[in-house]
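Given next are the chains, with one letter for each unit.
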Amino acid sequence: MQTQIIYVSPLGNIRLTAEDDALIEAAFDVPATMTQSVTPFLESVCLWLDEYFQGKDPGAPPAICPKGTEFQLRIWRLAQQIPFGYTAAYGTLAKEAAREMGIPKMSAQAVGGAMKRNPIAILIPCHRVVGANGKLGGYFGNDRRKIDLLTLEGQDMRGFSK
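Residues numbered from 1 in each chain as written. Predicted model: local features only at pLDDT ≥ 70, side-chain atom pairs only at ≥ 80, totals over all residues. Heavy atoms only, no water.

**Student:** Is there a simple way to think about the environment of alanine 22 in this case?
**Tutor:** Positionally, alanine 22 belongs in strand β3 (residues 22–28). On the basis of relative accessibility, which here comes to 14%, the residue alanine 22 falls in the buried class. Distance in space between the C-alpha atoms of alanine 22 and leucine 42 is 8.8 Å, their sequence separation being 20 residues. Once you skip the residues sitting within four places of it in the chain, alanine 22 turns out to touch Thr17, Phe41, Ala63, Ile64 and Cys65. (Helix = DSSP H or I, 4+ residues; strand = E, 2+ residues; numbered from the N terminus. Buried < 20%, exposed > 50% of the residue type's maximum accessible area, 1.4 Å probe, protein only. Contact = heavy atoms within 4.5 Å.)

**Student:** Help me understand the packing of helix α2 (residues 70–80) against helix α3 (residues 90–101) in this model?
**Tutor:** Each pair of packed helices gets described by two things: the angle between the helix axes and the distance between those axes. The contact between α2 and α3 brings their axes to 10 Å, and the two run at 125°. In terms of axis orientation, α2 runs oblique to α3. By crossing handedness, the relation of α2 to α3 is classed as right-handed. Residues Phe71, Arg74, Ile75, Arg77, Leu78 and Ala79 of α2 form the contact with α3, whose participating residues are Leu93, Glu96, Ala97, Glu100 and Met101. The residue makeup of the contact of α2 with α3, split by class, is seven nonpolar, no polar and four charged. (Axes fitted to C-alpha atoms, helices over the stretch in contact; angles between N-to-C directions. Parallel < 35°, antiparallel > 145°, perpendicular 65-115°, else oblique. Left-handed = near helix turned anticlockwise from the far one by under 90°. Nonpolar A, V, L, I, M, F, W, Y, C, P; charged D, E, K, R; others polar.)

**Student:** How should I be thinking about the confidence of the model for the protein chain in this particular structure?
**Tutor:** Per-residue pLDDT for the protein chain averages 92, and the proportion of residues at 70 or more is 97%. α2 holds the highest mean pLDDT among the elements of the protein chain, 98, whereas helix α5 (residues 143–152) holds the lowest, 92. (pLDDT = per-residue confidence, 0-100.)

**Student:** Teacher, can you tell me more about the packing of aromatic side chains here?
**Tutor:** How two aromatic rings sit relative to each other is set out by the distance from centre to centre and by the angle between their planes. All told, the structure shown has four aromatic pairs when counted by the stated rule. A ring pair is formed by tryptophan 48 and tyrosine 52, whose centres lie 6.0 Å apart and whose planes are at 5°; its orientation type is stacked. Of this pair, tryptophan 48 and tyrosine 52 both sit in helix α1 (residues 40–53), four residues apart, which is roughly one turn of the helix. Taking relative accessible area as the criterion, tryptophan 48 reaches 10% and is therefore assigned buried. Take tyrosine 52: its relative accessible area is 1%, and that puts it in the buried class. Ring plane angle 85° and centroid distance 5.9 Å describe the contact between tyrosine 52 and phenylalanine 84, whose orientation is recorded as edge-to-face. Of this pair, tyrosine 52 sits in helix α1 while phenylalanine 84 sits in the loop between α2 and β4 (88–89), and the two are 32 residues apart along the sequence. The exposure classification of tyrosine 52 matches that of phenylalanine 84, with both residues buried. Here a set of aromatic residues connected by ring pairs shows up, and it is made of Tyr7, Trp48, Tyr52, Phe53 and Phe84. A cation over a ring is seen here: arginine 145 above phenylalanine 28, with NZ or CZ 3.9 Å from the ring centre. (Phe/Tyr/Trp six-rings, centres within 6.5 Å; stacked < 30°, edge-to-face > 60°. Lys NZ or Arg CZ within 6 Å of the ring centre and 35° of its normal.)

**Student:** Got a minute to help me understand the pattern of salt bridges in this structure?
**Tutor:** Side chains that differ in charge, positive against negative, can pair when their charged atoms come close. Per the counting criterion, the structure on display carries nine salt bridges. In this structure, the salt-bridge partner of glutamate 100 is arginine 74, at a minimum N-O distance of 2.8 Å. In this pair, glutamate 100 sits in helix α3 while arginine 74 sits in helix α2, placing the two residues 26 residues apart along the sequence. When the shortest N-O distance is used, the salt bridge between aspartate 148 and arginine 144 registers 2.9 Å. Taken together, the residues span about one helical turn, with aspartate 148 and arginine 144 both in helix α5 at a distance of four residues. (Salt bridge = Lys/Arg side-chain N within 4 Å of Asp/Glu carboxyl O.)

**Student:** Whenever I open this one, the pairing of β3 confuses me. Can you help?
**Tutor:** The side chains of a regular strand alternate, residue by residue, between the two faces of the sheet. In terms of burial, β3 is a largely internal element, six of the seven residues being buried. Sheet topology note: the strand β2 (residues 12–19)/β3 ladder contains six bridges and is antiparallel. In the strand pairing of β3, glutamate 19 is matched with alanine 22. Turn length for the β2-β3 hairpin, with the two strands adjacent in sequence and antiparallel, is two residues, and the turn residue aspartate 20 shows positive phi of about 60°. (Pairing = 2+ DSSP bridges.)

This is how it looks when you write it as structure tokens:
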């Protein structure tokens, strides 16, 4: 059974959708007018986000179960390994994914394509994936939000550009 709640963050409304006791979606820019179902699990996600938006490392996120292709799931899992307050280049994730898959190389663009389809914002921290050349790359169509999230995590944004 799916349940949903709107989390009101400093960066806009986030619709949290859970299936049983795992988060399957955290989507920005949703209207606050929807039927909400508060569950203990979704309350735990909200508490995790409260810590996060206070600029604290909230630790391991609540259970997630993103829906995607095998490749997307691999890339999202790699993104989850980037610690709070750090970034990794698209190319670095591409090299690691290629190594895991036993192939000679993979393009950074393929990683970017997977990141664009990330269904669980913040908990799968695609905002921490940046270009090797100091370019931020996109973030759900909102570069300002990516900057705000990285700044919240203590990143010095002087080395990055849009």
